[in-house]
Amino acid sequence: MDVQNFIDILDDLIIVCSSSNAETASILSVNSAFLEYTGYGLNELTHQPASNLIRIVKSDTPESEIDLINKTGLYIPAKLNIQKNNGSNLFIIKVYKNKYEHIHTRTESNKYFHYLLEYSSIGLALVDLNGKFITVNRKLTKLLDHSEKELLEKSFQDITHPDDLDKDINFVNDLLSQKISHYEINKRYFTKSGQIIWIQLNVAVIFKKKRPLHFIAQIQDITEKQRYLYHLEMAKSRIEKIINSVPALISYVDKDLKYRYVNKKYEDTYSKPTSFYSGKHIRKVLGTNYALVEKYAKLALTGIEQEFTIAVSGLAPQEIHFQVTYTPDLNKDGDVSGFFVCAIDITEVKEKETLLTQQRETLNLIAYTDITTHLPNRSAFNEELQTQIDYQDHNFAVLFIDLDDFKQINESFGHQEGDLLLRQVANRLASITRKEDFLARLGGDEFAIIIRNVSDAKRYTEIANEYLMRSKEPYQLDNNVIYSSVSIGIAIYRPGIEFNQLLRQADLAMYQSKLLGKNKVTIFNTELEKEASLKHHRTQVFKELLNERNYSICFQPEYSITNGKLYGFEVLIRINGLETVSYTHLRAH
């Protein structure tokens with residue numbers, strides 16, 4: 001180790017002597033601080049007795065009290081500490097600062113310099129201006145797996161990875177030109193076995209009278225840290241590849257609503273590079289679309305996750321629909337730092353949903369619409385009536401309407417004219433049907449209307465008569481003018497009546513209007529139901545007796561009174577077993 005280089009970096013006054021006895025030793029060398037302080041030149045002191053400069057005052061302690069004699073002959077009180085370093089006897093002199101104002105400032109750290117050098121937890125080295133190691137500590141020799149002697153024979157260039165040399169040398173040049181006071185870099189060193197290790201290097205330069213003397217280097221092993229950072233970077237790269245491959249807009253927005261990260265999907269969607277978004281407020285990026293997300297962004301910053309759909313305009317000729325999630329970024333204390341954005345383009349899904357909705361509506365229209373008149377059909381009417389009953393809105397009635405003599409019209413003018421008549425009847429009924437009521441064609445020449453919100457039963461008759469009067473007006477078909485009428489039956493809902501029963505009651509009332517001569521309105525009453533029940537019973541009995549042949553036939557001749565000739569027979573069919581004998585009259589010619 002070069003002793004002169006070592007002592008020159010110390011601020012204490014150092015004399016290198018031939019022995020440890022201050023009275024007999026001769027001076028081999030002194031450091032720059034000693035020359036500067038005492039005013040001597042090095043040639044004046046070399047090989048001179050140390051006693052010419054030092055007078056022992058008291059020596060009963062480890063540090064002797066002395067008087068230091070400078071070039072002018074002035075005695076300066078000081079302390080002397082004699083140490084050995086690599087075979088050299090170092091006389092370390094500390095001047096009492098408080099006794100003379102011209103004494104230079106000394107730092108306590110110099111007293112422990114050797115201790116700190118040898119036992120530092122990081123590698124330390126003094127390097128000359130050519131890059132050769134002057135002094136190295138134990139930590140550095142252990143780190144590089146070299147002995148102290150081996151390292152002192154090398155330069156930093158010898159152990160530096162060739163790919164890292166240039167940037168190191170550039171910094172050294174800046175240090176020597178005093179453009180920078182120090183530098184810190186991460187670089188690679190070779191150990192004795194050729195293994196590559198990563199180190200963090202911090203370098204400064206020591207100047208003496210503006211002249212660079214040495215480099216001081218701090219070397220710390222960061223191989224594990226670099227390995228961790230490498231794996232972290234690889235993981236980050238993989239995650240970023242995954243995020244960029246996801247068909248969604250992925251981003252991070254801070255608490256000031258500024259973008260801090262966006263994935264590549266943003267570039268594809270907005271036709272701007274990802275760097276464009278960094279630090280920009282989402283309002284500036286989204287423009288007028290910001291109003292669609294503002295409330296959700298503010299709620300996300302309160303720590304509440306937000307899920308919503310929006311239709312964004314201006315990005316394409318048509319609107320783009322997004323399914324958006326804002327996930328708050330919470331730290332361990334529960335504070336919100338920002339939120340993560342995931343926006344999935346669901347435009348295609350929305351278009352398919354719209355198409356399915358349209359198809360569903362079309363199917364519903366077909367299923368619940370009468371093709372001929374475009375009125376709701378029987379299925380639609382049945383559902384509407386059942387809903388009316390289920391909701392317990394009982395203030396309503398059903399009008400059953402049947403065209404009079406429609407079969408005869410069909411036979412006379414044809415089915416095409418008949419369908420045209422049905423359409424005109426439907427239009428005329430619809431024109432006077434109130435908004436709250438429900439009109440439907442049940443099939444054939446039958447129509448039905450649910451009349452709602454009528455408290456007076458007489459009002460049902462008045463409404464029915466309006467339909468009756470309008471239906472008697474002439475109908476202009478393609479080539480014919482037709483007069484037709486309708487028969488109407490009314491069934492007023494009463495609690496407890498079921499769906500099918502209510503329709504049957506309206507139907508019975510309508511048939512009563514037919515029996516009364518058509519073009520009439522009849523309100524259902526219980527007598528109609530009794531009469532219908534009795535008629536049904538008789539019909540069934542007649543059918544059973546006829547099937548059993550339990551009857552007799554009588555032929556009664558009929559003669560003309562004027563000429564006495566036979567002109568026919570009256571056939572009487574007597575059904576046996578009935579209290580009342582019924583006859584069926586047939587006139588035969």
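Since the structure is predicted, the reported quantities are computational estimates derived from the model, not experimental observations.

Engineer: Pulling in residues and values, what's your account of helix H17 (residues 457-471)?
Structural biologist: Compared with an ideal rise of 1.5 Å per residue, which puts 15 residues at 21 Å, H17 spans 22 Å between its outermost C-alpha atoms and is within 8% of the ideal. Tucked inside the fold, the buried residues of H17 contact strand S17 (396-403), helix H16 (415-432), strand S19 (446-452), strand S20 (475-476), strand S22 (486-492) and strand S23 (521-523). Where H17 starts, the residue carrying a side-chain oxygen 3.1 Å from the main-chain nitrogen of Lys458 turns out to be Asp456.

Engineer: Quick rundown of unusual backbone geometry? Include the residues and the values.
Structural biologist: One non-glycine residue with positive phi stands out, namely His374, at about 65°. Secondary-structure assignment places His374 in the loop between helix H13 (347-368) and helix H14 (378-390). On the basis of relative accessible area, His374 is assigned to the exposed category, the value being 63%. Even without a glycine there, the phi angle at Asn519 is positive, about 50°. Structurally, Asn519 can be placed in the loop between helix H18 (499-515) and S23.

Engineer: If you had to explain the pattern of salt bridges to someone new, which residues and values would you point to?
Structural biologist: Side-chain pairing between opposite charges can occur once the charged atoms of the two side chains come close. Overall, the coordinates contain 23 salt bridges when judged by the stated rule. A salt bridge links Lys514 to Asp402; the shortest N-O distance between them is 2.7 Å. Of this pair, Lys514 sits in helix H18 while Asp402 sits in strand S17, placing them 112 residues apart in sequence. For the residue pair Lys514 and Asp402, the accessibility class agrees, reading buried in each case.

Engineer: If you had to explain a nonpolar patch on the surface to someone new, which residues and values would you point to?
Structural biologist: The grouping of Ile553, Phe555, Tyr559, Leu566 and Phe569 at the surface amounts to a nonpolar patch, some 530 Å² of accessible area in total. For the nonpolar patch, the secondary-structure elements that each account for two or more residues are strand S24 (551-559) and strand S25 (566-575). Ranked by the residues each element gives to the nonpolar patch, the list is headed by S24, at three residues. With respect to the helices and strands, the residue Phe555 is situated in strand S24. On the accessibility criterion, Phe555 (59% relative accessible area) is exposed.

Engineer: Any details on the nonpolar core? Residues and values, ideally.
Structural biologist: Within the largest apolar cluster, 30 residues are counted, with the highest numbers of intra-cluster contacts made by Leu399, Leu403, Leu421, Phe447, Ile488 and Ile490. Counting only elements with at least two residues in this core, the list comes to S17, helix H15 (406-413), H16, S19, H17 and S22. Per-element accounting of this core gives the leading share, six residues, to H16. Setting aside residues no more than four positions away along its own chain, Ile488 makes contact with Leu399, Phe400, Ile401, Ala464, Tyr467, Leu468, Ala509, Met510, Ser513, Lys520, Val521 and Thr522. Core analysis: the second largest hydrophobic core is formed by 26 residues, Leu257, Ile282, Phe308 and Phe339 among them.

The rules behind each value
Residues numbered from 1 in each chain as written. Predicted model: local features only at pLDDT ≥ 70, side-chain atom pairs only at ≥ 80, totals over all residues. Heavy atoms only, no water. Helix = DSSP H or I, 4+ residues; strand = E, 2+ residues; numbered from the N terminus. Expected span 1.5 Å × (residues − 1). Contact = heavy atoms within 4.5 Å. Polar contact = N/O pair within 3.5 Å; in protein donor to acceptor, adjacent residues only side chain to side chain. Buried < 20%, exposed > 50% of the residue type's maximum accessible area, 1.4 Å probe, protein only. Salt bridge = Lys/Arg side-chain N within 4 Å of Asp/Glu carboxyl O. Patch = residues over 30% accessible without salt bridge, like charges linked within 9 Å, V, L, I, M, F, W, Y side chains within 5 Å. Areas by Shrake-Rupley, 256 points an atom, 1.4 Å probe, with all protein chains shown as cover. Core = buried A, V, L, I, M, F, W, Y, C linked by side-chain atoms within 4.5 Å.

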